[in-house]
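# Inside the fold
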Amino acid sequence: MDLFETAYTQKAMRRLHPDDVADDDLWKILETATMAPNGGNRQPWNFVVIRDAEKKRKIGEWYLEAWNKTYGPAREAMLNDANMAKTFHSADYLANHLAEVPVLILATIKKDMVAIGPTLGASIYPAVQNLMLAARALGLGTTLTTLHKLHEADVKQLLGIPEDVETMALIPLGRPKGKFGKPARLPVEKIVYWDNWHSNRER
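Reference entry: report on the structure contained in this document.

What counts, and at which threshold
- Residues numbered from 1 in each chain as written.
- Predicted model: local features only at pLDDT ≥ 70, side-chain atom pairs only at ≥ 80, totals over all residues.
- Heavy atoms only, no water.
- Buried < 20%, exposed > 50% of the residue type's maximum accessible area, 1.4 Å probe, protein only.
- Helix = DSSP H or I, 4+ residues; strand = E, 2+ residues; numbered from the N terminus.
- Pairing = 2+ DSSP bridges.
- Salt bridge = Lys/Arg side-chain N within 4 Å of Asp/Glu carboxyl O.
- Contact = heavy atoms within 4.5 Å.
- Axes fitted to C-alpha atoms, helices over the stretch in contact; angles between N-to-C directions.
- Polar contact = N/O pair within 3.5 Å; in protein donor to acceptor, adjacent residues only side chain to side chain.

### A short note on the pairing of strand β2 (residues 103-110)
- Counting buried positions over the 8 residues of β2 gives 7, a clear majority of the element.
- Alignment of strand β1 (residues 45-50) against β2, held across 6 bridges, turns out to be antiparallel. What sits directly across from I50, in β2, is L104.
- Two strands pair when backbone bridges link them, and β2 and strand β4 (residues 165-174) are joined in this way by 8 bridges, in the antiparallel orientation. Within the sheet, the bridge partner assigned to I109 lies in β4 and is E166.

Below, the structure is given as structure tokens:
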């Protein structure tokens, strides 16, 4: 796919079919993730691919608990907000069906390999975005989630992840039930300033 078409239609896909993802596609997606720029070319990342049904079930339980704890109290208010209701419904669906997703990919970072700097995620999130763009180019859906962090110690123990490695994102991956398309976004002219805050300009 053309890069701009891929980027412009890369919506968060939270409703995914349960049928498996081909190994060739997975390897291509993961290799694309490793092509991302990173501090000092230290490549501090690892990716854990989770297909095992029992492990997905446990992670799904923890994720749902974290979802209910974090967003449950705001459920009524979010459903009454026309701008938020659709997103809330899709996120709620994912929270209740995470274990059915064919592939979960956990992006991790080795703390002692991070280049000098205060921001731990600076070298992993470009790789995550590469991963998600590659999935989109192959017709597969993804979304970036972090609610597993509320059970990070449990997730690390389940997957045998060492103590000096931090989990940074959990990416569900599969064939989407919905259609790709350009997401609703504010006009770029409204959110870009030129040389000074609030200094907008037209194209």
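### Remarks on the pattern of salt bridges
- Tallied over the full model, the rule gives 10 salt bridges.
- Note that R75 and D92 form a salt bridge whose closest N and O atoms lie 3.1 Å from each other. One end of the pair, R75, is in helix α4 (residues 75-79); the other, D92, is in helix α5 (residues 82-97), and 17 residues separate them in sequence.
- Residue classification places D92 among the buried residues on the basis of a relative accessible area of 16%.
- Counted as one network, the salt bridges with shared partners bring together E54, R57, K58 and E61.

### Section: the sheet that holds β2
- Ordered in space as β1-β2-β4-β3, the 4 strands form an open sheet in which the pairing is antiparallel. Each edge of the sheet is formed by a strand with only one pairing partner; in this case those strands are β1 and β3 (141-142).
- With respect to the sheet, helix α7 (residues 152-159) is in contact with β1, β2 and β4, its orientation differing from that of β4 by roughly 80°.

### Thoughts on the side chain of S90
- Within the element layout of this structure, S90 appears in helix α5.
- Polar side-chain contacts of S90 include one of 2.9 Å to the side chain of R14.
- With near-sequence residues (within four places) excluded, S90 lies in contact with R14 and R15.

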